[in-house]
Amino acid sequence: MTPRGLARIIAVLGAVLPAGQRRWAEALCAEIYAAETPSERLAMALSGGMGLIRIAVERVLAGWFSRPAVLGGAMLIGAAIGVMDISVPTRWPLRVTVVVSCLAMGMARPASAGLSGAIIGLGIAAVALLDRAPNPYTHDRGDVWIPLIPAVALTILGAGLANAWTRHRETRGSGGG
Amino acid sequence: MPGTPRFSPQTAAVLAELIRRPSRWRYGYDLMRSIGMQAGTLYPILARLAAFGWLETAWDESTPVGRPRRQNYRLTPAGHAGAREMIARAARGTLKGAHG
């Protein structure tokens, strides 16, 4: 494969990196031209591509784990909903509290959406799994995982709403000024 | 991003190579060959060092037209001081691998 072809692949990969990290893809593209042999170029592109993915993942994880208060809050919310879920005979309190708390968490902390939803969902499951005879899950204990996906989706939805609201306010602010 | 980058033998190798000629700008390919490191290991380390303010980067404006610009790297004064300390601690054996 030509340096141009490999550089194009790296450039496409660079487009999915966070904005501040795209220069690393551009820098790697330039170095592919400097490699002396085709095998060296290919090895550099393959290894460098993996490196770019690693840079992106490290950035995202650093963003999530730099907010211990959000993670702690999500754990508490998940545990509280879990305790309530195994204490009451109906499922409605679970449904309502998952929807309300996950939307609120996503809107309050959009940057941690997804992870906070996953922690809430895992908290609910953890409480039910720790209880020896969890009331709603006596027949099928696998059901404890059911709130996980809606919790993640709802925090992401909440984050989307918060971001849309911020953009709307900025547009109105710049229009009026 | 203030603080100290994660320590690893690979990070120490990159720092040791950069500190060897601290005022000289280096290319990625040049570093890969000098250290004997793959791009997939080198670039995340360079990104981390830059995020911590230890690495200065500059685009090479002399790149031929039609080719992507190369990026140059060298340690900042903070990176130079940090690298010296990290390498000295590694030599004394007081730097623990738990830092990365």
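Since we're looking at a predicted model, the values are computed, not measured.

(A) Broad picture of the sheet that holds strand β2 (residues 55-59) of chain B. Residue and element names in this part refer to chain B. Pairing is antiparallel across the open sheet formed by 3 strands, whose spatial order is β1-β3-β2. In this open sheet, the two edge strands, each paired with only one partner strand, are β1 (26-27) and β2. Pairing between β1 and strand β3 (residues 71-75): 2 bridges, direction antiparallel. Pairing of R26 across the sheet is with Y73, part of β3.

(B) Up close: the environment of T41 of chain B. With respect to the secondary-structure elements, T41 of chain B resides in helix α3 (residues 39-51). Put simply, T41 of chain B and Q10 of chain B are 31 residues apart on the chain and 7.8 Å apart in space, counted from C-alpha to C-alpha. Setting aside residues no more than four positions away along its own chain, T41 of chain B makes contact with G51 of chain A together with Q10 of chain B.

(C) Summary view of the interface of chain A and chain B. At the junction of the two partners, chain A supplies 22 residues and chain B supplies 16 residues. Listing elements by their share of the side of chain A that touches chain B, those giving two or more residues are α2 (22-34) and α3 (38-65) of chain A. Of the residues forming the side of chain A that touches chain B, the biggest block, 10 residues, is contributed by α2 of chain A.

(D) View of α3 of chain B. Under the 1.5 Å per step criterion, the end-to-end length of α3 of chain B is 18 Å for 13 residues, consistent within 8% with the ideal 18 Å. In terms of burial, α3 of chain B is largely enclosed, as 12 of its 13 residues are buried.

(E) Summary view of the nonpolar core. Residues I10, L28 and I32 of chain A together with Y43 and L46 of chain B are the most contacted members of the largest nonpolar core, which totals 37 residues. Breaking this core down by element, the ones donating at least two residues are α1 (3-15), α2 and α3 of chain A together with α1 (9-20), α2 (28-35), α3, β3 and α4 (77-92) of chain B. Formed by 20 residues, the second largest nonpolar core is a distinct cluster that contains I81, I124, A125 and L154 of chain A.

(F) Spotlight on α2 of chain A. Here α2 of chain A contains 13 residues, and its C-alpha end-to-end distance of 19 Å stays within 8% of the 18 Å for a straight helix at 1.5 Å per residue. Taken together, the buried positions of α2 of chain A are occupied by W24, A25, A27, L28, C29, A30, E31 and I32 of chain A.

Reading the values: the criteria
In this numbering scheme, every chain counts its residues from 1 along its sequence in written order. In the order they appear in the text, chains get letters beginning with A and ligands get numbers beginning with 1. The model is predicted, so local features are restricted to residues of pLDDT at least 70 and side-chain atom pairs to those at 80 or more, both for listing and for counting; the totals for chains, interfaces and linings are taken over all residues. Note on pairing: two strands pair once DSSP finds at least 2 bridges between them. A run of H or I in DSSP counts as a helix once it spans at least four residues, and a run of E counts as a strand once it spans at least two, with each numbered from the N terminus. Whether two residues are in contact depends on their C-beta atoms, placed from the backbone: they are in contact if these lie within 7 Å. Helices are assigned an expected span. That span is 1.5 Å times one less than the residue count. Here exposure depends only on C-beta density: within 10 Å of a residue's C-beta, 20 or more other C-beta atoms make it buried, 12 or fewer make it exposed, and intermediate numbers make it partly exposed, the C-beta atoms being placed from the backbone. Throughout this description, the term nonpolar core refers to a group of buried Ala, Val, Leu, Ile, Met, Phe, Trp, Tyr and Cys residues whose C-beta atoms join them within 7 Å.

So far we have only geometry, and geometry alone does not tell us how the molecule works.
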